[in-house]
Amino acid sequence: MIEKLTDEALAIILEGLPGWVLRDGKLHRVLTFADFVEAFGFMTQVALVAERMNHHPEWCNVYKTLAISLTTHDAGGISHKDIELAQTINRLAGYPV
């Protein structure tokens with residue numbers, strides 16, 4: 001069973017996870033791209049990784065803006081799976097991990 005991270009562990013991890021914040025009990029990040037095609041292409045890259053991980057984001061794409069929220073429903077909150085996916089998203093977007 002996947003375990004939810006403690007608030008203390010999550011606070012420490014968030015310090016090393018640029019661009020991500022806690023919002024409504026989920027990891028949240030907004031990315032802006034040059035245009036819709038670039039945003040959609042990025043979503044496709046993330047979708048392929050998420051499918052391999054069997055861990056899928058909640059997201060919303062409007063034109064060139066992508067809002068992503070991560071949580072592990074089975075754990076009832078944020079787990080290491082969310083951290084791993086957030087780090088991968090940062091790496092794909094060219095941000096530090």
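These figures come from a predicted structure and were not determined experimentally.

The rules behind these values
Residues numbered from 1 in each chain as written. Predicted model: local features only at pLDDT ≥ 70, side-chain atom pairs only at ≥ 80, totals over all residues. Heavy atoms only, no water. Helix = DSSP H or I, 4+ residues; strand = E, 2+ residues; numbered from the N terminus. Rg over C-alpha atoms; globule rule 2.2 N^0.38 Å. Buried < 20%, exposed > 50% of the residue type's maximum accessible area, 1.4 Å probe, protein only. Contact = heavy atoms within 4.5 Å. Expected span 1.5 Å × (residues − 1). Arc of directions from axis to C-beta. Polar contact = N/O pair within 3.5 Å; in protein donor to acceptor, adjacent residues only side chain to side chain. Pairing = 2+ DSSP bridges. Axes fitted to C-alpha atoms, helices over the stretch in contact; angles between N-to-C directions.

Considerations on the overall build of the protein chain
- For the protein chain, the helix and strand inventory stands at 3 helices and 4 strands.
- Taken from N to C terminus, the helices and strands of the protein chain fall in the order α-β-β-α-β-β-α.
- On C-alpha atoms alone, the protein chain measures out to a radius of gyration of 13 Å, which is about the 13 Å that the 2.2 N^0.38 rule sets for 97 residues.
- With the C-alpha coordinates aligned to their principal axes, the bounding extent of the protein chain is approximately 35 × 25 × 20 Å.
- Burial status across the protein chain gives 37% buried among its 97 residues.
- Of the contacts formed within the protein chain by residues at least 6 apart in sequence, a portion of 63% connects residues at least 24 apart.

Topic: helix α2 (residues 36-53)
- Along its 18 residues, α2 runs 25 Å from first to last C-alpha, staying within 8% of the 26 Å computed at 1.5 Å per residue.
- Regarding α2, the residues found buried are A39, F42, M43, V46, V49, A50 and M53. Down the axis of α2, the buried side of the element spans an arc of 125°, and every buried residue falls inside it. Residues of α2 that are exposed and point over 90 degrees away from its buried face: V37, L48, E51 and R52.
- Against β2 (26-32), β3 (58-62), β4 (65-70) and α3 (80-93) lie the buried residues of α2.
- Between a side-chain oxygen at the N-terminus of α2 and the backbone nitrogen of V37 the separation is 3.3 Å; the capping residue is D35.
- Looking one or two residues beyond α2, the residue adopting positive phi is N54, at roughly 55°.

Focus: the sheet that holds β3
- The strand order β1-β2-β4-β3 describes an open sheet built from 4 strands, whose pairing is antiparallel. With partners counted over all chains shown, the strands left at the sheet margins are β1 (21-23) and β3, one partner each. Strand after strand, the sheet turns through a mean of 30° between neighbouring axes, direction not considered.
- Where β1 meets β2, 3 bridges bridge the pair, whose relative direction is antiparallel. Considered in β2, the bridge of V21 is made with H28.
- Against the sheet, α2 makes contact with β2, β3 and β4, and its axis sits at roughly 165° relative to β3, the strand it touches most.

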